[in-house]
Amino acid sequence: MTTGVDDQKFGFPLGRAAEAVERVRRQPRLELVGLHCHIGSQITDVGVYEDAVRRLAAFMTEIALRHGTCLRQLNIGGGHAVQATGGLV
């Protein structure tokens, strides 16, 4: 199940993340420390993870250059597919 798409119920697409960064930076009681994404569950292609890391690393670089803020955390959510078994674990 893929969740990292524009029309989904979890969070917002990367294209709107710059706006979210601006909103957080305007709040004196908030500190932006990193980025999190959830690409889906039961992912069978490691390339999906690689693409997410490349895109988010580029966005983190953009944030550093634009705002002088080096984010310390990057969380690539989601789950690698695991074959289901017939019994209880």
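Residues numbered from 1 in each chain as written. Predicted model: local features only at pLDDT ≥ 70, side-chain atom pairs only at ≥ 80, totals over all residues. Heavy atoms only, no water.

Here's the deal with the overall build of the protein
For clarity, the cut-off: A run of H or I in DSSP counts as a helix once it spans at least four residues, and a run of E counts as a strand once it spans at least two, with each numbered from the N terminus. Burial classes follow relative accessibility: with a 1.4 Å probe on protein chains only, a residue under 20% of its type's maximum area counts as buried, one over 50% as exposed, and anything between as partly exposed. Two residues qualify as a contact provided that any one of their heavy atoms is within 4.5 Å of a heavy atom in the partner residue. Areas reported as accessible are Shrake-Rupley estimates using a 1.4 Å probe. Residue values count occlusion only from the protein chains shown.
When helices and strands are counted, the protein shows two helices and two strands. Sequence-ordered secondary structure for the protein, helices as α and strands as β, is α-β-α-β. By the burial criterion, 21% of the 89 residues in the protein qualify as buried. Sequence-distant contacts in the protein: of pairs separated by 6 or more residues, those separated by 24 or more amount to 76%. When the accessible surface of the protein is summed, it comes to about 6,800 Å², and 53% of that surface belongs to carbon and sulfur atoms.

Section: the pairing of strand β2 (residues 73–77)
Condition: A pair of strands is considered paired only if DSSP assigns at least 2 bridges between the two. For a crossover, the right-handed case is the one in which the path from the first strand over the helix to the second runs clockwise, viewed with the strands pointing away from the viewer.
Inspection of the sheet shows strand β1 (residues 34–38) paired to β2 by five bridges, in the parallel sense. Opposite His38, over in β2, you have Gly77 as the bridge partner. You can see the chain leave β1, run along helix α2 (residues 46–67) and come back into β2, and the turn it takes is right-handed.

As for the nonpolar core
Just so we agree on the cut-off: Buried Ala, Val, Leu, Ile, Met, Phe, Trp, Tyr and Cys residues that are joined via side-chain atoms within 4.5 Å together make up what is termed a nonpolar core.
Membership of the largest hydrophobic core comes to 13 residues, with the highest contact counts inside it found for Leu35, Cys37, Ile39, Phe59, Ile63 and Leu71. Broken down by secondary-structure element, the contributors of at least two residues to this core are α1 (17–25), β1 and α2. At six residues, the largest contribution of residues to this core is made by α2.

Details of the pattern of salt bridges
Threshold: A side-chain nitrogen of Lys or Arg and a carboxyl oxygen of Asp or Glu constitute a salt bridge if their distance falls within 4 Å.
A complete count under the given rule lists two salt bridges for this structure. One salt bridge connects Arg72 with Glu31, and the closest N-O pair in it is separated by 3.5 Å. Of this pair, Arg72 sits in the loop between α2 and β2 while Glu31 sits in the loop between α1 and β1; the two residues are 41 residues apart in sequence, bridging distant segments of the chain. Overall, Arg72 belongs to the exposed group, its relative accessible area being 59%. Under the relative-accessibility criterion, Glu31 is labelled exposed at 58%.

Examining α2
To keep things clear, this is the line we draw: One less than the number of residues in a helix, times 1.5 Å, gives the span that helix is expected to have. Note: the arc covers the axis-to-C-beta directions of the helix.
With 22 residues, α2 extends 31 Å from end C-alpha to end C-alpha; this agrees with the ideal 32 Å at 1.5 Å per step. Within the span of α2, buried status applies to Tyr49, Ala52, Leu56, Phe59, Met60, Ile63 and His67. What you see down the axis of α2 is that its buried residues fit within an arc of 105°, all on one side. Facing away from the buried side of α2 by over 90 degrees, the exposed positions are Val46, Arg54 and Leu65.

Some remarks on the packing of α1 against α2
Note the cut-off: Axis definition: a line fit to C-alpha positions, over the contact stretch in the case of helices; interaxial angles, taken between N-to-C directions, run 0 to 180 degrees. Every angle not falling under 35 degrees, over 145, or within 65 to 115 is termed oblique; those three ranges are roughly parallel, roughly antiparallel and roughly perpendicular. Crossings are classed by handedness, with left-handed meaning an anticlockwise turn of the near helix from the far one by less than a right angle and right-handed meaning a clockwise turn. The nonpolar class holds Ala, Val, Leu, Ile, Met, Phe, Trp, Tyr, Cys and Pro. Asp, Glu, Lys and Arg form the charged class, and all remaining residues, Gly among them, are polar.
It is at 12 Å that the axes of α1 and α2 come closest, and there the two elements cross at 45°. Compared by their axis directions, α1 and α2 come out oblique. Here the hand of the crossing between α1 and α2 comes out right-handed. Counted together, Ala17, Ala18, Val21, Glu22 and Arg25 of α1 and Phe59, Ile63, Arg66 and His67 of α2 form the full contact between these two elements. Residues that form the contact of α1 with α2 fall into these classes: five nonpolar, one polar and three charged.

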